[in-house]
Amino acid sequence: MDPRIASARAQPTEFESGDPEAIDFVRFCYRRRHVGWPELYDEMCAVAGRSLYRGFAADDLGRIGIGFALDQMPALATIVHQVVAEDRERRRLTADAIRASYVETSAEVGSNEAEATPVAETPTTDKTSTTDMAPAETSPAEAAPRLVAVGAGA
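These notes cover the structure that comes with them. (Residues numbered from 1 in each chain as written. Predicted model: local features only at pLDDT ≥ 70, side-chain atom pairs only at ≥ 80, totals over all residues. Heavy atoms only, no water.)

**Things to note about the overall build of the protein chain**
Here is the rule we go by: Helix and strand definitions here come from DSSP, where helices need a minimum of 4 consecutive H or I residues and strands a minimum of 2 consecutive E residues; each element is numbered from the N-terminal end. With a 1.4 Å probe rolled over the protein chains alone, any residue whose accessible area is under 20% of its type maximum counts as buried; one over 50% counts as exposed, and the rest are partly exposed. When checking whether two residues touch, look at their non-hydrogen atoms; a contact exists if any pair is within 4.5 Å. Accessible surface area values rest on a Shrake-Rupley calculation with a 1.4 Å probe, where residue burial reflects the displayed protein chains alone.
Within the protein chain one finds 5 helices and 0 strands. In the protein chain, the succession of helices and strands from N to C terminus is α-α-α-α-α. Across the 154 residues in the protein chain, those meeting the buried criterion constitute 18%. Considering only contacts in the protein chain between residues 6 or more positions apart, those separated by 24 or more positions represent 58%. When the accessible surface of the protein chain is split by element, carbon and sulfur atoms take 56% of a total near 12,100 Å².

What follows is the structure, encoded as structure tokens:
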């Protein structure tokens, strides 16, 4: 075997999108287990062995471009890397959108609080006792939760 040819096969120069159904198969397996290449290969073999993806067995998957042989691994690994990269990019964009909406919401709440009129404080004197004072008003968010012990059989 010529080592130059083997190394050329092991490192694909460019990835052709191939069959969209092959990419969908890899996405299906990736949704089942969010892992990278070597572990996802095991998941894909398990899915193919049980015909969990649309009833496709290993032979059916071979017709759409999913091969589990050693010489077909580089192409399969390329599809896996593409799917994982797409998922990470999608998660990053989602996280950025959530952060942006949180910042906008926080800015709106902050501006609304600044516009609120302050409550006038009531003057207190040293002569008042604690029974004469009205209970302090607290919002539900400020109130600490009260924990009560309950028997196991109750």
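**Examining unusual backbone geometry**
For S51, which is not glycine, the phi dihedral falls at a positive 55°. Within the fold, S51 resides in the loop between helix 3 (37–50) and helix 4 (58–63). One non-glycine residue, R54, lies in the positive phi region at around 50°. Relative to the elements of secondary structure, R54 occurs in the loop between helix 3 and helix 4.

**Comments concerning the nonpolar core**
Definition in use: Within this scheme, the nonpolar core is defined by two criteria: the residues are buried Ala, Val, Leu, Ile, Met, Phe, Trp, Tyr or Cys, and they are joined through side-chain atoms within 4.5 Å.
Ranked by size, the top nonpolar core spans 22 residues in total, and within it F25, V26, M44, L61, I66 and F68 carry the most contacts. At the level of secondary structure, the elements contributing two or more residues to this core comprise helix 2 (20–32), helix 3 and helix 5 (73–115). Here this core gets 6 residues from one element, more than from any other, and that element is helix 2. Excluding anything up to four places from it in sequence, F25 contacts M44, V47, Y53, L61, I66 and F68.

**Let's talk about the pattern of salt bridges**
Stated formally: By definition here, a salt bridge exists when the distance from a side-chain nitrogen of Lys or Arg to a carboxyl oxygen of Asp or Glu is within 4 Å.
Across all of its chains, the model carries 10 salt bridges by this definition. Taking the shortest distance from any N to any O, the salt bridge between E89 and R92 comes out at 2.6 Å. Of this pair, E89 and R92 both sit in helix 5, separated by 3 residues, roughly a single helical turn. Overall, E89 belongs to the partly exposed group, its relative accessible area being 36%. A single network of salt bridges, built from pairs that share partners, joins E89, R92, D96 and R99.

**Things to note about helix 3**
To keep it simple, the criterion reads: Residue count minus one, scaled by 1.5 Å, sets the expected span of a helix. Along the arc lie the directions from the helix axis toward the C-beta atoms.
Taking 1.5 Å per residue, 14 residues should reach 20 Å; helix 3 reaches 20 Å between its end C-alpha atoms and fits that length. Every buried residue of helix 3 is listed here: L40, Y41, E43, M44, V47 and A48. Down the axis of helix 3, the sector holding all buried residues measures 165°, keeping them to one side. Relative to its buried face, helix 3 has exposed residues pointing more than 90 degrees away, namely G49 and R50.

**Some remarks on the environment of F56**
By secondary structure assignment, the location of F56 is in the loop between helix 3 and helix 4. Distance in space between the C-alpha atoms of F56 and F25 is 9.7 Å, their sequence separation being 31 residues. Not counting chain neighbours up to four residues away, the residues in contact with F56 comprise E21, A48, S51, L61 and I64.

**Overview of the packing of helix 2 against helix 3**
Rules: Between the N-to-C directions of two axes lies an angle of 0 to 180 degrees, each axis being a line fitted to C-alpha atoms and, for a helix, fitted only over the stretch in contact. Roughly parallel means an angle under 35 degrees; roughly antiparallel, over 145; roughly perpendicular, 65 to 115; everything else is oblique. Asp, Glu, Lys and Arg are counted as charged, while Ala, Val, Leu, Ile, Met, Phe, Trp, Tyr, Cys and Pro are counted as nonpolar; the rest, among them Gly, fall into the polar class.
Look at helix 2 against helix 3: their axes get within 9 Å of each other, and the N-to-C directions meet at 110°. Our classification of the angle between helix 2 and helix 3 gives roughly perpendicular. Judged by residue contacts, F25, V26, F28, C29, Y30 and R32 of helix 2 engage L40, E43, M44 and V47 from helix 3. Among the residues making up the contact of helix 2 with helix 3, the classes are represented as 8 nonpolar, no polar and 2 charged.

**What about the state of the cysteines?**
For clarity, the threshold we go by: Criterion for a disulfide: a pair of cysteine sulfur atoms at a distance within 2.5 Å.
Under the defined criterion, the tally for this structure stands at 0 disulfides. No disulfide involves C29; its sulfur sits 9.2 Å from that of C45, the nearest cysteine. A relative accessible area of 31% means that C45 is categorised as partly exposed.

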